[in-house]
Amino acid sequence: MFKTLVLLAALWLAIRLLRNWLEQRNASLTSEKQKNGSMVQCHYCGTYIPEQDSIYSDGNHYCCNDHRDNENES
């Protein structure tokens, strides 16, 4: 009977540790995705850049002011 209780306690502890590790792993992956954000393509040159770093103008994303200005001139 004692061996069964020890085995159940060890199994319970292993499950708790595994769940904790998986939750931490998922949280770090989620925060990394949020930090990186989504990628968008420069309407002028086609380079992919993080959306938060892009310049948004007239419904398009640009990687720099020069590309935005060159696109608007033509």
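Residues numbered from 1 in each chain as written. Predicted model: local features only at pLDDT ≥ 70, side-chain atom pairs only at ≥ 80, totals over all residues. Heavy atoms only, no water.

A. The arrangement of the overall build of the protein chain in detail. Looking only at helices and strands, one finds two helices and four strands in the protein chain. Tracing the protein chain from N to C terminus, the helices and strands come up as α-β-β-β-β-α. The burial tally for the protein chain puts 11% of its 74 residues in the buried class. Summing over all exposed atoms, the protein chain offers an accessible surface of approximately 6,300 Å²; the carbon and sulfur share of this is 55%. (Helix = DSSP H or I, 4+ residues; strand = E, 2+ residues; numbered from the N terminus. Buried < 20%, exposed > 50% of the residue type's maximum accessible area, 1.4 Å probe, protein only. Areas by Shrake-Rupley, 256 points an atom, 1.4 Å probe, with all protein chains shown as cover.)

B. Broad picture of the state of the cysteines. Counted by the stated rule, this structure contains zero disulfides. The cysteine Cys45 is free of any disulfide, with Cys42 supplying the nearest cysteine sulfur at 3.7 Å. Left without a disulfide partner, Cys64 is nearest to the cysteine sulfur of Cys63, which lies 4.1 Å away. (Disulfide = S-S within 2.5 Å.)

C. Up close: the environment of Met39. Within the fold, Met39 resides in strand β1 (residues 39–41). Dropping the residues within four chain positions of it, Met39 is found in contact with Tyr48, Ile49, Pro50 and Glu51. (Contact = heavy atoms within 4.5 Å.)

D. Quick look at the pattern of salt bridges. A full pass over the atoms with the stated rule returns one salt bridge. Across the pair Asp69 and Arg68 runs a salt bridge, and its minimum N-O distance is 3.3 Å. Residue classification places Asp69 among the partly exposed residues on the basis of a relative accessible area of 32%. Here Arg68 falls in the partly exposed class, since its relative accessible area comes to 24%. (Salt bridge = Lys/Arg side-chain N within 4 Å of Asp/Glu carboxyl O.)

E. Region of interest: the side chain of Ser54. By secondary structure assignment, the location of Ser54 is in the loop between β2 (48–50) and β3 (55–57). In terms of polar contacts, Ser54 uses its side chain to reach the backbone carbonyl oxygen of Glu51, at 2.8 Å. (Polar contact = N/O pair within 3.5 Å; in protein donor to acceptor, adjacent residues only side chain to side chain.)

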